[in-house]
Amino acid sequence: MEKRFVFVVFSLVIGVVQSVNAEVPAIFVLGDSTSDVGINNYLPQSTIKANFPHHGIDFPFAIPTGRFSNGFNTADFLAKLFGFKKSPPPFFSQNVKFSIKIRKFRGINFSSAGCGLLGSTGQTTPLQKNVITMEEQLFQFSTVHNDLLTFKGPLETEKFLSKSLFFISIGSNDIMNNYYSSNPIPKEYFIPKLGLVYEKHLRVRVHSFFLFELSSPSLKRS
């Protein structure tokens, strides 16, 4: 397990694409500040924001957008490789149902700076919404998935998502928080623990979102 998770940031790209020139209808981004494009701006109580100078000084029109960068970030550069102008917008910034209905939906960025694989990472108190946790980001994706099913139907949704790109960049905050804690868990135990939590997010939670779609009679093969 330790050998499988040796990177400081867990990063996973899922997509049925053969090259950067392949047609990708949408991009879905989950993660932390390495890919956040401003979702924490929508959290009034959050103390983890980058909506002020000199953040964004090299962004078009020198606008601080909430990206923890002087300009574009990882999600933006990845999107550019697939023909997008930049990362899809943050989840709270657009009417997802409307964009799906008029067929202008190109994906969503769920990333929240400061969060981690563990639900406690980035949260200061239980009553203060400081970040959008990984679990919450996956739940947000499930609502988008349901909207796709409503307007596209199971078959078209399956085809749409199979061609889409899923990018996850998360884990560094968990490691740093443990390292700087007063009673850190030894890395030989902590890293495998993160690996198991990551696997749970991907296998259990994501799989459950697709149970209805995969069990739909219209998708069963003869």
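This structure is a prediction, so every number in the text was calculated from the model and none was measured. (Residues numbered from 1 in each chain as written. Predicted model: local features only at pLDDT ≥ 70, side-chain atom pairs only at ≥ 80, totals over all residues. Heavy atoms only, no water.)

Caption draft 1: Main features of the overall build of the chain. Per the secondary structure count, the chain includes 6 helices and 4 strands. Per-residue burial over the chain gives 46% buried out of 222 residues. A separation threshold of at least 6 residues defines the contact pool for the chain, and within that pool the share at least 24 residues apart is 71%. Total accessible area computed for the chain in this model is approximately 12200 Å², and 60% of it derives from carbon and sulfur atoms. (Helix = DSSP H or I, 4+ residues; strand = E, 2+ residues; numbered from the N terminus. Buried < 20%, exposed > 50% of the residue type's maximum accessible area, 1.4 Å probe, protein only. Contact = heavy atoms within 4.5 Å. Areas by Shrake-Rupley, 256 points an atom, 1.4 Å probe, with all protein chains shown as cover.)

Caption draft 2: Molecular detail of helix H3 (residues 134–163). For H3, built from 30 residues, the straight-helix expectation of 44 Å at 1.5 Å per residue is missed by more than 12%, its first-to-last C-alpha distance being only 23 Å. The largest bend along H3 measures about 115 degrees and falls at Gly153, with the proline Pro154 one to four residues further on. (Expected span 1.5 Å × (residues − 1). Bend = angle between axes of the 7 residues up to and from the residue.)

Caption draft 3: Representation of unusual backbone geometry in the model. The omega torsion across Pro53 and His54 is 10 degrees, close enough to zero to call that bond cis. The phi angle at Ala62 is positive, at roughly 55 degrees, despite the residue not being glycine. Take Ala62: its relative accessible area is 42%, and that puts it in the partly exposed class. One non-glycine residue with positive phi stands out, namely Arg103, at about 60 degrees. On the secondary structure map, Arg103 appears in the loop between helix H2 (96–101) and strand E3 (107–109).

Caption draft 4: Structural view of the environment of Gly195. You can see Gly195 is positioned in helix H5 (residues 187–209). For Gly195, a relative accessible area of 0% puts it in the buried group.

Caption draft 5: Fine view of the side chain of Ser46. Here Ser46 lies in the loop between strand E2 (27–31) and helix H1 (74–81). Engagement of the side chain of Ser46 in a polar contact is seen with the backbone nitrogen of Ile48, the distance being 3.1 Å. (Polar contact = N/O pair within 3.5 Å; in protein donor to acceptor, adjacent residues only side chain to side chain.)

Caption draft 6: Focus on the confidence of the model for the chain. Scored by pLDDT, the chain comes out at a mean of 85, with 82% of its residues at no less than 70. Low pLDDT, under 50, characterises residues 1–21; the predicted model gives this stretch 47 contacts beyond four residues in sequence or across chains. In this model residues 212–222 is a low-confidence stretch, pLDDT under 50, and it forms 16 contacts with partners more than four residues away in sequence or in other chains. (pLDDT = per-residue confidence, 0-100.)

Caption draft 7: The pattern of salt bridges, seen in detail. Enumeration over the complete set of coordinates arrives at 5 salt bridges. A salt bridge links Glu156 to Arg103, with the shortest nitrogen-to-oxygen separation between them at 2.8 Å. In this pair, Glu156 sits in helix H3 while Arg103 sits in the loop between H2 and E3, placing the two residues 53 residues apart along the sequence. Judged by its relative accessible area of 57%, Arg103 falls in the exposed class. One salt bridge connects Arg203 with Glu199, and the closest N-O pair in it is separated by 2.7 Å. Of this pair, Arg203 and Glu199 are both found in helix H5, 4 residues apart, which corresponds to roughly one turn of the helix. Given the relative accessible area of 58%, Arg203 is considered exposed. Taken together, the shared-partner salt bridges in this structure form one network comprising Arg103, Lys152 and Glu156. (Salt bridge = Lys/Arg side-chain N within 4 Å of Asp/Glu carboxyl O.)

Caption draft 8: Up close: the packing of aromatic side chains. Using the criterion set out here, one finds 12 aromatic pairs in the structure. Measuring from ring centre to ring centre gives 6.2 Å for Phe105 and Phe160, while their planes differ by 35 degrees; the resulting arrangement is tilted. Placement of Phe105 in the loop between H2 and E3 and of Phe160 in helix H3 is noted, with a sequence separation of 55 residues between them. (Phe/Tyr/Trp six-rings, centres within 6.5 Å; stacked < 30°, edge-to-face > 60°.)

Caption draft 9: Quick look at the pairing of strand E4 (residues 165–170). In terms of burial, E4 is largely enclosed, as 6 of its 6 residues are buried. A two-sided burial pattern is seen for E4, the buried positions comprising Leu165, Phe167 and Ser169 on one face and Phe166, Ile168 and Ile170 on the other. Alignment of E2 against E4, held across 5 bridges, turns out to be parallel. Along E4, the bridge assignment pairs Val29 with Phe167. (Pairing = 2+ DSSP bridges.)

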